Amino acid sequence: MESSLKSLTGKTALITGGSRGIGRAAALSLAAQGCDVAVNYLNSEEDATSIVRAIEELGRRAYAFRADVSRQQEVESMVKKVQAELGTIDILVNNAGINPSRPFLELDASDWSRTIETNLTSAFLLSQAVIPAMRQQQWGRLVFISSVAAQTGGVVGPHYAASKAGMLGLMHSYANLLAKEGITSNAIAPALIETEMIRKNKNIRPDLIPVGRFGHAEEVADAIAFIASNGYITGQTLNLNGGWYMS
Ligand SMILES: NC(=O)C1=CN([C@@H]2O[C@H](COP(=O)(O)OP(=O)(O)OC[C@H]3O[C@@H](n4cnc5c(N)ncnc54)[C@H](O)[C@@H]3O)[C@@H](O)[C@H]2O)C=CC1
Ligand SMILES: C[C@H](O)[C@@H]1OC(=O)[C@H](O)[C@@H]1O
């Protein structure tokens, strides 16, 4: 049997928050593996256009779709547009996320809701939207970008940790429900990856990590491509954390 690493040619991937950071790196990595890519973005049309161009230079099709993935109507409308342009979404990477950082007792209900809706509810809404077509073709990959915060509490706060732990429960549930339908469901739990997200957080330092450095977005992206290429791994969390948390 051909190596599963070659199995993504012609597949379509949807990546939320795909215009920068880990999402951008994942879009490029999946395109390099032969995927056509739908890049969801929220703010920067310029960044989204840039990643679309970069994917096209790899010889794959790419489109940018603006949507706030915490809003059901925008999710459903985006998925329909992606399917119209690129066909069935074979791979969903739930990457979009926020980590509002302030002293934890100053966090209020709106911080909680915004974080849960963006990081967790979005993954539910998107998964529910793409699974029916995956079931039709008996092939699909659900990838949830969680965090070491789900396992250790992390350094952001209870709102963020809860949103990332919730993603693991969602991932496990879909893994159980869809195992016999050719659809895998897995999570990646990075620790500190050198992107915009941690640059804003002053209490995040490389010495928190045993290997002594932040991870690179490309290291997460390659793990996403590997997970998406494998049909026998499901219900798993790949810890990509420089030794911070050892399961
Ligand atoms: N950077 C790190 O150290 C770690 C990051 N993560 C997770 O990795 C994922 C990607 O984070 P990074 O690339 O580091 O951060 P980033 O801040 O560079 O990228 C996050 C992306 O999500 C998008 N986004 C935010 N809210 C959105 C919404 N409502 N709708 C659509 N898009 C939205 C942003 O526009 C941005 O493009 C996040 O889920 C984050 O929680 C997990 C562990 C470590
Ligand atoms: C380990 C921390 O939670 C770290 O903080 C962030 O903002 C990243 O998402 C990581 O999870």
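Every value quoted in this text rests on a predicted model; they were computed, and no experiment measured them. (Residues numbered from 1 in each chain as written. Chains lettered and ligands numbered in written order. Predicted model: local features only at pLDDT ≥ 70, side-chain atom pairs only at ≥ 80, totals over all residues. Heavy atoms only, no water.)

Colleague: What is the right way to read the UniProt feature "domain: Ketoreductase" (unreviewed entry) in the chain from this model?
Modeller: The residues that UniProt annotates with the feature "domain: Ketoreductase" (unreviewed entry) are residues 11-191. Along residues 11-191 the backbone is 52% helical and 18% strand, and the end-to-end C-alpha distance reaches 29 Å. (UniProt positions renumbered as here; feature names shortened; annotations may be inferred. Helix = DSSP H or I, 4+ residues; strand = E, 2+ residues; numbered from the N terminus.)

Colleague: Explain the site of ligand 1 to me, please; I cannot follow it from the model alone.
Modeller: In the vicinity of ligand 1, 28 residues are found, and the nearest of them are Arg20, Asn95, Tyr160, Ile193 and Thr195. Contact distances for ligand 1 include 3.1 Å between a nitrogen atom and a backbone N or O atom of valine 69. Contact between ligand 1 and threonine 195: an oxygen atom at 2.5 Å from a side-chain N or O atom of the residue. In the complex, the protein chains occlude 96% of the 830 Å² of accessible area that ligand 1 would expose alone. Every element with two or more residues in the shell around ligand 1 is listed here: α1 (21-32), α6 (158-178) and α7 (196-199). Of the residues forming the shell around ligand 1, the biggest block, three residues, is contributed by α7. In terms of residue class, the shell around ligand 1 is made up of 14 nonpolar, ten polar and four charged. (Near = heavy atom within 4 Å. Polar contact = N/O pair within 3.5 Å; in protein donor to acceptor, adjacent residues only side chain to side chain. Areas by Shrake-Rupley, 256 points an atom, 1.4 Å probe, with all protein chains shown as cover. Nonpolar A, V, L, I, M, F, W, Y, C, P; charged D, E, K, R; others polar.)

Colleague: Where do I start with the sheet that holds strand β6 (residues 183-190) in this structure?
Modeller: Spatially, the seven strands line up as an open sheet ordered β3-β2-β1-β4-β5-β6-β7, and their pairing is parallel. Of all the strands in the sheet, just β3 (62-66) and β7 (237-240) have a single pairing partner and so form its edges. Each strand axis lies, on average, 15° off the axis of its neighbour in the sheet, ignoring direction. Sheet analysis places strand β1 (residues 12-15) next to strand β4 (residues 91-94), joined by three bridges and oriented parallel. Bridge pairing links alanine 13 to isoleucine 91 in β4. In this fold helix α4 (residues 109-137) packs onto β1, β4, β5 (140-145) and β6, with an angle of close to 175° to the strand it touches most, β4. Contacts from α6 reach β4, β5, β6 and β7, with the element oriented near 165° to β5. (Pairing = 2+ DSSP bridges. Axes fitted to C-alpha atoms, helices over the stretch in contact; angles between N-to-C directions. Contact = heavy atoms within 4.5 Å.)

Colleague: Any chance you could explain the site of ligand 2 here in plain terms?
Modeller: Taken together, 13 residues surround ligand 2, and among them Asn99, Ser147, Val156, Tyr160 and Ala191 come closest. In this structure, an oxygen atom belonging to ligand 2 sits 2.6 Å away from a side-chain N or O atom of asparagine 99. Here an oxygen atom of ligand 2 sits 2.4 Å away from a polar atom, N or O, in the side chain of serine 147. Against a free-state accessible area of 290 Å², the protein chains account for coverage of 96% of ligand 2. Grouping the amino acids of the shell around ligand 2 by side-chain chemistry returns ten nonpolar, three polar and no charged.

Colleague: Would you mind showing me how to read the nonpolar core here?
Modeller: Formed by 32 residues in total, the largest nonpolar core has its most connected members in Leu30, Val37, Ile55, Ile91, Val93, Ile188 and Ile224. Put simply, the parts of the chain that give this core at least two residues each are β1, α1, β2 (36-41), α2 (45-57), β4, β5 and α8 (217-229). For this core, the element with the highest residue contribution is α8, accounting for eight residues. If near-sequence neighbours (up to four positions away) are discounted, isoleucine 91 is found in contact with Leu8, Lys11, Thr12, Ala13, Leu14, Cys35, Met134, Trp139, Arg141 and Ala228. If you look at the next biggest cluster of nonpolar residues, it comprises 31 residues, including Ala67, Val75, Leu86 and Tyr174. (Core = buried A, V, L, I, M, F, W, Y, C linked by side-chain atoms within 4.5 Å. Buried < 20%, exposed > 50% of the residue type's maximum accessible area, 1.4 Å probe, protein only.)

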